[in-house]
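Structural description and commentary
The residues making up each chain are set out below.
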Amino acid sequence: MADKTQTRALFLCLLICISTTSGNKPRSRRPCKELVFYFHDILYHGYNYQNATSAIVGSPKWGNKTAWAQPFAFGDLIVFDDPITLDNNLHSPPVGRAQGMYAFAQRTDPLMNKTRDISVIGGTGDFFMARGVATLSTDAFEGEVYFRLRVDIRLYECW
Amino acid sequence: MADKTQTRALFLCLLICISTTSGNKPRSRRPCKELVFYFHDILYHGYNYQNATSAIVGSPKWGNKTAWAQPFAFGDLIVFDDPITLDNNLHSPPVGRAQGMYAFAQRTDPLMNKTRDISVIGGTGDFFMARGVATLSTDAFEGEVYFRLRVDIRLYECW
Amino acid sequence: MADKTQTRALFLCLLICISTTSGNKPRSRRPCKELVFYFHDILYHGYNYQNATSAIVGSPKWGNKTAWAQPFAFGDLIVFDDPITLDNNLHSPPVGRAQGMYAFAQRTDPLMNKTRDISVIGGTGDFFMARGVATLSTDAFEGEVYFRLRVDIRLYECW
């Protein structure tokens, strides 16, 4: 009797071990960390060098470096060093800077999509080895110069 | 007797738990998902604006935006919005679009390599949190303007 | 008595399974692989085409392709094909090549930071599915043309 129960215990545990560790089976989609913040991007357009936070550094033959290529900015490549704030006010004290590069790679304007998901693929410091998804939405869009992105981060791998 | 067996059961299970969960031990290399498709890339060369799907947006000093830099396109940066098909026919109904950017960063022509592996580092929707390897092979290469990539995706982390 | 012990064994094992497999709990920060090497970067400045290993391929309106944009190279985009050596000697036999692209995206010179961490997000071959952190430090910096990066790689996910 005792042996039979033991076998069952072992079998159950093996089953659980396998179902929770295999890379091939669905895992929990409950985030281990959630964050919300805002990026403020002021594009250089030729006359705002002092307060611009981003600049076009590559463009297709039909584009230039002071205005988005037409149509839909396709082919424009932007380097940015944008302040990050916790609310949607450009003048709130920044909690960090968003630094990097992005490209316009679709023929319909991606800023006009309601939301778009991008992958969070790594991190350092507090976000050591993090993975997850960031949902971007264009919170404000003023002419071709200023836009504000709301960024909802959901991490599913935390260390 | 019962106690001895229990201890063995526990030990075996611990062993299994540890060997399958540690990040330091080899894991299964059997894919959890496999996909094959084709990218069709028509490079803008100055006179094909209407049907081009990609454009040179950056190039070294010795290059320009309507032809690959010589030799081996080193330093050319391309933004693309390519149709994806399930077979190798450019005119098959596209199942999606490949959008992004790539750079030529080696002095021997990478398109002429037999195959090359790149990492799949994340995804959204059906490919939420996916990781794996994509094997690229140049399936066709016509002049400097059209090439077709066969893409074999093998995912090893599925959620 | 036997039943009570069995229950405890099962419970303990379940606990261990959960604590070691959940994505939400801290995992070991002991690397599964460590590597050190050096990148040697010789930037094209207009008169060194023969031995240059990298070139500016994008720059902001106020920059150009033969010298870094001022100040801090902000907006410069570089494609590189740099030799990798195991010691800090440019003339040691290379063990590989570092190929890719980087952008200067901050207003203070990032090369002057003591160290900076970047994420290792994937790999192929011996580094199949690897993840970890690379710590970069500028080991030498000669004028605007040559710099040497020391790269300390620590992998925390090995397959």
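Residues numbered from 1 in each chain as written. Chains lettered and ligands numbered in written order. Predicted model: local features only at pLDDT ≥ 70, side-chain atom pairs only at ≥ 80, totals over all residues. Heavy atoms only, no water.

An unreviewed UniProt entry annotates chain A as Dirigent protein of Olea europaea subsp. europaea. One UniProt comment on chain A, placed under Function (unreviewed entry), says "Dirigent proteins impart stereoselectivity on the phenoxy radical-coupling reaction, yielding optically active lignans from two molecules of coniferyl alcohol in the biosynthesis of lignans, flavonolignans, and alkaloids and thus plays a central role in plant secondary metabolism." Per UniProt, chain A has the following entry under Sequence similarities (unreviewed entry): "Belongs to the plant dirigent protein family." (UniProt positions renumbered as here; feature names shortened; annotations may be inferred.)

Moving on: the confidence of the model for chain A. Residue and element names in this part refer to chain A. When pLDDT is averaged across chain A, the result is 85; 81% of the residues are at 70 or more. Element-level pLDDT for chain A is lowest in helix α1 (residues 2–21), with a mean of 43, against a maximum mean of 98 in strand β2 (residues 54–58). Counted against residues more than four places away or in other chains, residues 5–25, with its pLDDT under 50, gives 36 contacts. The ipTM for the predicted assembly is 0.81, set against a pTM of 0.84. (pLDDT = per-residue confidence, 0-100. Helix = DSSP H or I, 4+ residues; strand = E, 2+ residues; numbered from the N terminus. Contact = heavy atoms within 4.5 Å.)

Note that the residue after Gln70(B), namely Pro71(B), is joined by a cis bond; omega there is -5°. Locating Pro71(B) in the fold gives a position in the loop between β2 (54–58) and β3 (77–85). One non-glycine residue, Ala73(A), adopts positive backbone phi at about 60°. For Ala73(A), the location among the structural elements is in the loop between β2 and β3 (77–85).

One pass over the full model with this rule turns up 33 aromatic pairs over all chains. Between Phe37(B) and Phe39(B) the ring centres are 5.8 Å apart and the planes differ by 10°, which places this aromatic pair in the stacked class. Put simply, the rings of Trp68(A), Phe80(A), Tyr102(A), Phe104(A) and Phe141(A) pair up and form one aromatic cluster. (Phe/Tyr/Trp six-rings, centres within 6.5 Å; stacked < 30°, edge-to-face > 60°.)

Before going further, it helps to spend a moment on the environment of Arg154(A). Residues and elements named next belong to chain A. Within the element layout of this structure, Arg154 appears in strand β7 (residues 146–157). Judged by relative accessible area, which is 29%, Arg154 ranks as partly exposed. Separated by 85 residues in sequence, Arg154 and Ala69 place their C-alpha atoms 33 Å apart. Apart from the residues lying within four places of it in its own chain, the contact partners of Arg154 are Pro31, Lys33, Glu34, Gly132, Val133 and Thr135. (Buried < 20%, exposed > 50% of the residue type's maximum accessible area, 1.4 Å probe, protein only.)

Residues and elements named next belong to chain C. On inspection of all chains with the given rule, the structure shows 3 disulfides over all chains. Disulfide partner of Cys32: Cys158, at an S-S distance of 2.0 Å. Taking the sign of the torsion about the S-S bond as the criterion, the disulfide between Cys32 and Cys158, at about 85°, is right-handed. Of this pair, Cys32 sits in the loop between α1 (2–21) and β1 (33–42) while Cys158 sits in the segment after β7 (146–157); the two residues are 126 residues apart in sequence, bridging distant segments of the chain. The class of Cys32 is partly exposed, set by a relative accessible area of 22%. Among the residues examined, Cys158 registers a relative accessible area of 12% and is labelled buried. (Disulfide = S-S within 2.5 Å.)

Bringing the pattern of salt bridges into the picture now. Evaluated as defined, the whole model comprises 18 salt bridges over all chains. Taken together, the shared-partner salt bridges connect Arg131(A), Glu157(A), Arg131(B), Glu157(B), Arg131(C) and Glu157(C) into one network. (Salt bridge = Lys/Arg side-chain N within 4 Å of Asp/Glu carboxyl O.)

Moving on to the environment of Val120(A). Among the structural elements, Val120(A) can be located in strand β5 (residues 116–120). The spacing of Val120(A) and Arg131(A) is 11 residues in sequence and 5.1 Å in space, taken between C-alpha atoms.

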